[in-house]
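The lines below spell out each chain.
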Amino acid sequence: MSLAATLEPERFREIMYQLLNRSAAVVQRYSGTVDKFTGDGLMALFGAPVALEDHALRACTAAVEIQSIARALADEVHQRDEVDLQLRIGLNSGDVIAGEMGSGPNSYTVSGHPVGMAQRMESAAQAGGILCSEPTARLAGPSAVFGPVELISVKGGSHPIQARRLQSVESDHLVLGRDDGPLVGRDTEMTHLLSVFDAQQLTAVSIVGDAGVGKSRIIREFTAGVHGRGATTVITRCESHAEHVPLHALSRMLRGLFGLHGLDNLAARARVAERVKGVPGIRHADRQLVLDLLSISDPSALAPAISADSRRARLVGVMARVANTGSSRTAFIVEDLHWIDAASEEVLAAFAAMLAAEHAMLVGTSRPGHDGPLHHTAQASIVLSPLDGTATATLAAALVGGHPTASTIADRVAEASGGNPFFVEEIVRDLVGRSVLEGSRGQYRLVGRLTSIAVPNTVQSVIAARIDRLRPDEKSALNAGSVIGSGFDLDELRALLPDTRTVTLDGLVATELIDQIQFVPAPRYRFRHPLVRTVCYESQLRSTRASLHRRLAISLQQRNGEAAEQDAALIAKHFEAAGELAEAYSWYMRAASWLHKRDDGAARDSWQRARTIADRLPVEEGGTDRRIAPRAQLSFSAWVVGGDDEEENCFDELRALTAKSADKLPMALGMAGRVYSLITNQGRSRDAATLAAELDELYYTIDASAADRAEILTAIALAEYMTCRFDKALQTIQRLREIGEDLTGYDQGPVMGMSGVIKVMSGHRLDGLRDLEVARRLGLESDPVTLAGAVAYWVDLVVFGFELVGDAMMTETARALRLAEEYGDGSEFATYGLSIARWARGTALLNCGPARRSEALELLRLSREFGRDVAVGPIDAQIAAARRWRGDIDDELVDSLKAKVVSGLDAGDFTTYFGYGATELVKLLLARAREDDLKSARRIATQLAAETSAISQPALELWPLLCRIMLTDVEGDTVCHAAALARYRDIAEALDARGHLVTVAKISKAGTS
Ligand SMILES: Nc1ncnc2c1ncn2[C@@H]1O[C@H](COP(=O)(O)OP(=O)(O)OP(=O)(O)O)[C@@H](O)[C@H]1O
Ligand SMILES: [Mg+2]
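Since we're looking at a predicted model, the values are computed, not measured.

A. Quick look at the site of ligand 1. The full set close to ligand 1 counts 22 residues, and Gly212, Lys215, Arg367, Glu425 and His529 are the nearest of them. A distance of 3.2 Å separates an oxygen atom of ligand 1 from a polar atom in the side chain of arginine 220. In the complex, 97% of the free accessible area of ligand 1, which totals 630 Å², lies under the protein chains. Looking at the shell around ligand 1, the element that brings in the most residues is helix 7 (residues 215-228), giving four residues. Tallied by class, residues from the shell around ligand 1 come to nine nonpolar, four polar and nine charged.

B. Seen up close, the pattern of salt bridges. For the structure on display, the rule yields 58 salt bridges. For glutamate 858, the salt bridge goes to arginine 861, with nearest N and O atoms at 2.7 Å. Here the residue glutamate 858 and the residue arginine 861 both occupy positions in helix 37 (residues 853-865), the gap between them amounting to three residues, near one helical turn. Members of the salt-bridge network, linked through shared partners, are Glu425, Glu426, Arg429, Arg441, Arg466 and Glu512.

C. Summary view of the sheet that holds strand 3 (residues 89-91). Strand order in the open sheet formed by four strands is 3-6-8-7, and the pairing between neighbours is mixed. Looking at which strands have only one partner, the edges of the open sheet turn out to be strand 3 and strand 7 (144-152). Here the average twist between neighbouring strands, direction ignored, is 30 degrees. Judged from the seven bridges that link them, strand 7 and strand 8 (residues 161-169) form a sheet pairing that is antiparallel. Looking at strand 8, one finds that isoleucine 152 is bridged to isoleucine 161.

D. Expanded view of the packing of aromatic side chains. All told, the structure shown has eleven aromatic pairs when counted by the stated rule. Ring geometry for phenylalanine 332 against phenylalanine 351: centres 5.1 Å apart, planes inclined by 90 degrees, an arrangement best described as edge-to-face. Of this pair, phenylalanine 332 sits in strand 11 (residues 330-335) while phenylalanine 351 sits in helix 12 (residues 342-354); the two residues are 19 residues apart in sequence, bridging distant segments of the chain. Like phenylalanine 332, the residue phenylalanine 351 is buried in the burial classification. For the ring pair tyrosine 721 and tyrosine 793, a centre distance of 6.0 Å and an interplane angle of 70 degrees mean the geometry is edge-to-face. Here tyrosine 721 is found in helix 30 (residues 706-722), whereas its partner tyrosine 793 is found in helix 34 (residues 784-799), with 72 residues between them in sequence. Assessed through its relative accessible area of 12%, tyrosine 793 is described here as buried. Counting every residue linked through ring pairs, the aromatic cluster contains Phe488, Tyr525 and Phe527.

Rules behind the numbers
- Residues numbered from 1 in each chain as written.
- Chains lettered and ligands numbered in written order.
- Predicted model: local features only at pLDDT ≥ 70, side-chain atom pairs only at ≥ 80, totals over all residues.
- Heavy atoms only, no water.
- Near = heavy atom within 4 Å.
- Polar contact = N/O pair within 3.5 Å; in protein donor to acceptor, adjacent residues only side chain to side chain.
- Areas by Shrake-Rupley, 256 points an atom, 1.4 Å probe, with all protein chains shown as cover.
- Helix = DSSP H or I, 4+ residues; strand = E, 2+ residues; numbered from the N terminus.
- Nonpolar A, V, L, I, M, F, W, Y, C, P; charged D, E, K, R; others polar.
- Salt bridge = Lys/Arg side-chain N within 4 Å of Asp/Glu carboxyl O.
- Pairing = 2+ DSSP bridges.
- Axes fitted to C-alpha atoms, helices over the stretch in contact; angles between N-to-C directions.
- Phe/Tyr/Trp six-rings, centres within 6.5 Å; stacked < 30°, edge-to-face > 60°.
- Buried < 20%, exposed > 50% of the residue type's maximum accessible area, 1.4 Å probe, protein only.

If you want it as structure tokens, here you go:
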């Protein structure tokens, strides 16, 4: 074959695999058997080992169909490789010696003169043609159309022999192989779906319907329609056993998108590189992310050093770019969303939202009740109801056929099925299995007693009855397969059942319980329908199933080697199902630490499962430590995902469990996370400070890495800073810095920012600005979230009245925002960074003059959407202030700010940010001047003065003084006004508080604020 010489070996093999797999599937569909693969060809048998009356016609039909799929493949190959692919087929019939030769598992074969003759027919056939020997042409009957008799001289033969070219097989007489049969009663849905695809307006559509109602069937028809339009499809099937395996569906989708199926790691890497080449906006690092997620990156490559959590957003970006730049349109199909893992669904929903309708569309199918983000992204939903009476009757009649003995059966089947097409098919298969019916699709005869057509009343019980009738070897293979998943290959199966033979699987294919979906390089099978797998899985003895799960877990572990991390959650799940809890626990923990760098939410799912399992393990043998570890991780990471209802509970459990343990590190880390969460998610700084004091004591008892120590001290310093204990915070920061050279930019950036603000507010302006600069440099070296934090600390000084917006700040806030935006906005950590960057930029813009106020307001609004305006509403206060400048007082905003300030003051939850918000509120109340407003303003000012005098930080005293200046002005109390102004000016001058000094100048000039 010249193809082999023209193409790269890799590509040649790929084309051969496709051709052989597609051809073998056709053979199987017509009940033939693939006897052997020969590198660039295959030999198939019809009529053995299963006797078939019409074997010759079946062989002819299969040959015609194989030529037609070969032509379709040839078109693809021609377009891509510019080479011609042509296939020759030879057919012969005769008596052969058939049977098991040797003792291997695939030992069934045939030999004899007719086999050699078939090979000669093949070599004499024209490229793209089918050549049949006379016996075959005779046996095939009138439906097969042949050309005239030709005389063929064959290698090694003394006389020429007679042969005829097969031209066609009349379709009316096609043997009904195991195809789908005609689609019934779904015209409206199909038209709707295809017209949506053609309109190129929607990017996500969902199809919802009960099990067996026909979702996958609609998808198959849709796929054919899409291919007919020259577009491509990428299909991802979610699986029930992978529901809790984070990112499982996503990695499948990526494999489909990049066409990696069946490639080894090296070839897969090359394919990804080739696919992204020339796609604008995809950087090397992005490609690395894809490889990393699929665990196919070069073992020597370092894990991508970007923020763990923002990978998700970046991946979405890569996928969308690839999808949006293809030369042909792509339909992404995600089947069985009710089983998708949560992490994948979030990514895919974001992906769907970024698709350009003219390039791609995503269609998801699910059973009712699925309510995930992808379902919500769908702009149109097609609900599949059961087929109506007429359609069901048509379907049953087409399936059973018109044989006189079977004519009454179709109606009974239809009625019992309740309009569920799968039920219709299963009832018929059951009747065949019970020898009531005999024949094939569309051609059944009644051979048993009519009275025995009692139909089980659920589709599950029909399937169970069919499984029950299998031979023991078939049943074991099916059981083992169902433990592996909805699809399995021969090697996987043999890892569980070493003696599995292909004939057993062929038998299961013949009973239509499974399909063979791949033949070369390795046989691969899939359950005919998800329900078959479910029934099979559930009907096994629990102990058998557990031992299969255990063997599978062990084999996955052995087989995967370097890729084991990606499968850690899957391995854990199988150990869990096997009842091996200790193993399951460690694999979930392993999965979580792998995921932690990739997806925080997904990692938390794995810790959550580890926690549940740990609780079932006996307390002795280290059980307590196992209970502690996942709880420590969950408590530590809760703040990043915005906290959850369970957070407090989990932390309390951690505390109780660690009370007696000697190792205090898990408790300390959990506590640090809790401190962050109380501050960032709940605005409870006072509680955070109490906890931080306890944490500080623990700190001296732990043995921890530099990174862990830095996390803990940062939490303590933040709590001290937030509760205005600046000296304490500076000491804590100093302790952190003394950890020394093991610290990274990520470890030190936040505290340097904090240190800078404290120093400036304490009157050490230059020193403080230097620290802030260091913080920004560390942020630049580390990641955009740390940078955003550093810039935000600097901008906070504007809010605190200690800094004016200058050119440098404008440039730096713009850069921080740009980097945070590029960093992606899908993941929690990146979103958090983006919200801080927006706050910083918005605040800078707002305070640099009126020109860019609306842009500023929009940024602040977006930042606030993140829901972390915790420090008694500085964002609300800013927004309200900006509107007040425009002369517009928003009552709702004022009232909500008032509620926050009043409750904060009443609870004594006074933070560093509080004074600004409270003072802004007083201004607003005085400007609004409603009946109670003056009274409220006075009350707030008094309480504020009391709080700040207790704290004794001169910088914070400026706020109650400013309130007093405004109040005395309104009240006309000139004496007190002058006294307050003088004190205010003195402090502002002493501390070099530049914003406050501007205010002083304004008040002095205008006599009012
Ligand atoms: N309208 C139809 N006409 C003919 N056959 C149909 C029709 N709908 C479904 N079938 C057949 O019924 C069987 C079950 O359908 P299908 O697998 O599409 O169900 P499903 O909704 O995807 O179920 P599940 O939720 O379990 O995946 C298939 O063999 C399919 O070919
Ligand atoms: Mg389906």
